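Structure at a glance
In case you want the letters, here they are:
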Amino acid sequence: MRKGLGKKMLSMLLATSLVAGTTVAATGCKFGSNSNEPITLTVYSQVANSSGLQKGWAADIIKDKFNVKLNIVPDESGTFQTRMSDGDLGDIIIWGHTDDNYAAAIKQGLLYDLEEDDILKENAPYVYDNMQDALAKNKRLTASILGDKKDTLYGWGGEVATSSKDHQSFFYTWDTRWDLYKKMGYPKVKDMNDMAKLLKKMQKMDPKDDAGGKTYAVSLWPDWDDAMVMYVKATATAYYGYDELGIGLYDPKTGKYHDALEENGPYLEMLKWYNNLYRQGLVDPDSMTQTYEQMSEKVINGGVLFSIFNYSGSLGFNTDKHMKKGEYMYCMKPEEASPIVYGMSTLGTGYVTSIGANCEYPELALEVLNYFCTPTGRLEYAYGPQDECWYYKDKKTYLTELGQACRKDLKTKMTDHAGSFQDGQLQMAVSTWNVDAQNPETDGETYNADNWASTQQSSKYDIQEDWKKKTGCEGINDYMEKGKYTVSPGTEYSASAKSDELKTVWKQVTDSIKNESWNALYAKNDAQFNKAVAKMKKDTKGYGYDKCLEWSQKEAATRKSLEDQLSN
């Protein structure tokens, strides 16, 4: 296995650089021997949405601190297999899941041993000092993959918490046009049937968006579909509190597993709900073909009345322009809904960060990642450059005027950097501290700007104040915690590797589920809907659905066992 620079070689290189006049910054070594040319690190990210060199303000920060450029390679069809065949996944790898692909990379020796020559301890000291639980979890994961107690360290999880006692902020927020709800007289909404009736009335009240186009109750997108249609299964998560697991949904309260094709089960129930909306003209007809970005434009333009997520609802719609007109999108969930909220854990999640075994500059790559794990780096990749977009004062965090503008509108032009805030957002999609984790640089605040003392101001617009008065709540978490909700405990659970045979079967089965789910969602009547579901069941059974279900049920049992251990 080819390794990067050893400690002695690194020391010699740095000494040579100093003699030659190359600057070695306190925040990171500037490699390149006698040249000031920046080093380009390739980042293979399974959760990135764009490719190519990082641009804008994030690129400037990384260049200034480390003399580094980041070349982003997203996980498109065939990318992982190609890079595995080449024997080089990249310099930095961001894993979306620690599943069979992660296991395969370890078995083929494509990840760097982060304990070799104390490379992590010396080049990522903040990670080493503050994420020990996440590091230990990764070593146990390696042992489960390789066996024989080979607990080599190949990375650390993302979304790390400073405490395992709290839960994250809610993001299944049931964002609904509150101004229209107010005009209706705040009718009682008990369940999904009531929700559908409400959305139908809302469309009649506000049939046109800002540009004169038709409004829809919901606008979906297929980009994030995995084993099932994402938005359909996520609605079951938002309503019942069941979490996606394998080829179905898992109930954290009971450990019961509901597979996607369960008769009258949560997935098919929500698929039918969306089909009923579609047949009433309430589902954006572009849903099956549009991108997330195209959907977002419609939300910003006022063409969407409801979203189960805040990021495809209120965060896009609630501009000053809309709220000045008394238009507002915010939480309004059915009484029976019990949305999931995820427990935080010092172990982190499946979003693992690794270094490629063939990385030529592993020390430098770790320095970059270490920066993202510091409080400054965590805040900068979320909100922009320190002092330009945010700052500390008296151990509290504040957004500057520019920072506030960027949060309201991602297309805000940056003052000292090329392009907009959105243009410069970090595209590698690294995940370090959970946004609701405690920031040790402050007096008890988290990394979540929604909950900073400086952002808890009185409502700027009457419609915002109306929501507070009617609900008796100050914000989203307060509102959600007064009603039903489901906590998914944070555990060490990671999906087990699938055999090559199962991976082939899995793709055929899940492709069929997704394709026929969309066909069912777009059905013009009950007969067409039932035909699509019947085809889904028949085809998947022929492909080997039972094998996928067996694997998923075993995973559910493992997860339940780990959750039970927390209460013992």
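As the structure is a computational prediction, the values presented were derived from the model and not from experiment. (Residues numbered from 1 in each chain as written. Predicted model: local features only at pLDDT ≥ 70, side-chain atom pairs only at ≥ 80, totals over all residues. Heavy atoms only, no water.)

Brief notes about the overall build of the chain
Across its full length, the chain holds 23 helices and 15 strands. The C-alpha radius of gyration of the chain comes to 24 Å, within 12% of the 24 Å expected for a compact globule of 568 residues. Across the 568 residues of the chain, 54% fall into the buried class. Within the chain, contacts between residues at least 6 apart in sequence are counted, and of these 74% link residues at least 24 apart. A total of about 24,700 Å² of accessible surface is found on the chain, and carbon and sulfur atoms cover 47% of it. Seen as two clouds, the 67 positive and the 81 negative side-chain charges of the chain have centres 5 Å apart. (Helix = DSSP H or I, 4+ residues; strand = E, 2+ residues; numbered from the N terminus. Rg over C-alpha atoms; globule rule 2.2 N^0.38 Å. Buried < 20%, exposed > 50% of the residue type's maximum accessible area, 1.4 Å probe, protein only. Contact = heavy atoms within 4.5 Å. Areas by Shrake-Rupley, 256 points an atom, 1.4 Å probe, with all protein chains shown as cover. Lys, Arg positive; Asp, Glu negative; His and termini not counted. Charge placed at Lys NZ, Arg CZ, Asp CG, Glu CD.)

Some words on the nonpolar core
Residues Trp 174, Met 195, Tyr 267, Trp 273, Tyr 274, Ile 513 and Leu 521 are the most contacted members of the largest nonpolar core, which totals 90 residues. Here this core gets eight residues from one element, more than from any other, and that element is helix α21 (residues 500–521). Those residues in contact with Ile 513 that sit more than four places away from it in its chain are Ala 227, Met 228, Ile 247, Ala 260, Tyr 267, Met 536, Thr 540 and Tyr 545. Listed in part, the 55 residues of the second largest apolar core include Met 131, Ala 134, Cys 359 and Tyr 371. (Core = buried A, V, L, I, M, F, W, Y, C linked by side-chain atoms within 4.5 Å.)

Side note on the side chain of Arg 177
Here Arg 177 is to be found in strand β5 (residues 172–177). The exposure class assigned to Arg 177 is buried, which follows from its relative accessible area of 1%. One polar contact links Arg 177 to Asp 206, side chain to side chain, over a distance of 3.0 Å. In this structure Arg 177 touches Met 202, Asp 206, Gly 302, Leu 305, Phe 317, Glu 327, Tyr 328 and Met 329, once residues within four positions along its chain are discounted. (Polar contact = N/O pair within 3.5 Å; in protein donor to acceptor, adjacent residues only side chain to side chain.)

Section: the sheet that holds strand β12 (residues 353–355)
One open sheet accounts for five strands, arranged β2-β3-β1-β4-β12; its pairing is mixed. At either margin of the open sheet sits one strand with a lone partner, and together these are β2 (52–53) and β12. Both β2 and strand β3 (residues 68–74) contribute to a ladder of two bridges, which runs antiparallel. Opposite Leu 53, over in β3, you have Asn 71 as the bridge partner. Where helix α15 (residues 362–373) meets the sheet, its contacts fall on β1 (39–45), β3, β4 (92–94) and β12, and the angle it forms with β12 comes to roughly 160°. (Pairing = 2+ DSSP bridges. Axes fitted to C-alpha atoms, helices over the stretch in contact; angles between N-to-C directions.)

Points about the sheet that holds strand β7 (residues 248–250)
The strand order across the open sheet built from three strands is β6-β7-β8, with neighbouring strands paired in antiparallel fashion. Only two strands of the sheet have a single partner each, and these edge strands are β6 (243–245) and β8 (257–259). With strand direction ignored, the average angle separating the axes of adjacent strands in the sheet is 35°.

Brief notes about the side chain of Thr 491
Considering the arrangement of structural elements, one finds Thr 491 in the loop between β15 (486–488) and α21. At a separation of 3.1 Å, a polar atom in the side chain of Thr 491 contacts the main-chain amide nitrogen of Tyr 493. What Thr 491 contacts, discounting residues up to four positions off in sequence, is Lys 137, Leu 347, Leu 562, Glu 563 and Leu 566.

Some thoughts on the environment of Gly 343
Relative to the helices and strands, Gly 343 resides in the loop between β11 (340–342) and β12. Through-space distance from the C-alpha of Gly 343 to that of Ser 50 is 30 Å; in sequence the pair is 293 residues apart. If we skip the residues at most four places from it in the chain, Gly 343 touches Asp 166, His 167, Gln 168, Val 487, Ser 488 and Gly 490.

Things to note about the pairing of β3
Burial runs high along β3: five of the seven residues are buried. When β1 meets β3, the two strands line up parallel, connected through seven bridges. Along β3, the bridge assignment pairs Ser 45 with Pro 74.

Brief notes about unusual backbone geometry
Residue Asp 117 is not a glycine yet carries a positive backbone phi of 55°. Mapped onto the elements of the fold, Asp 117 is located in the loop between α4 (100–107) and α5 (119–123). Even without glycine at this site, Tyr 186 takes up a positive phi of about 55°. Within the fold, Tyr 186 resides in the loop between α8 (178–183) and α9 (192–205). Take Tyr 186: its relative accessible area is 22%, and that puts it in the partly exposed class.

Re the packing of aromatic side chains
Tallied over the entire structure, the rule returns 38 aromatic pairs. Here Trp 178 and Tyr 181 contribute two aromatic rings whose centre-to-centre distance is 5.0 Å and whose plane-to-plane angle is 50°, an arrangement assigned as tilted. Taken as a pair, Trp 178 and Tyr 181 lie in helix α8 at a separation of three residues, close to a single helical turn. Judged by relative accessible area, which is 2%, Trp 178 ranks as buried. (Phe/Tyr/Trp six-rings, centres within 6.5 Å; stacked < 30°, edge-to-face > 60°.)

Regarding the packing of α15 against helix α16 (residues 375–383)
Interaxial distance between α15 and α16 falls to 4 Å at its minimum, and their mutual angle equals 80°. Comparing their axes, α16 and α15 come out roughly perpendicular. Across from Tyr 371, Phe 372 and Cys 373 in α15, the residues of α16 making contact are Pro 375, Gly 377, Arg 378, Glu 380 and Tyr 381. Considering only residue class, the contact of α15 with α16 consists of five nonpolar, one polar and two charged. (Parallel < 35°, antiparallel > 145°, perpendicular 65-115°, else oblique. Nonpolar A, V, L, I, M, F, W, Y, C, P; charged D, E, K, R; others polar.)

Some words on the confidence of the model for the chain
Model confidence for the chain is summarised by a mean pLDDT of 91, while 93% of its residues fall at 70 or above. Under a pLDDT of 50 for its full length, residues 1–34 has, in the predicted model, 64 contacts with residues more than four places off or in other chains. (pLDDT = per-residue confidence, 0-100.)

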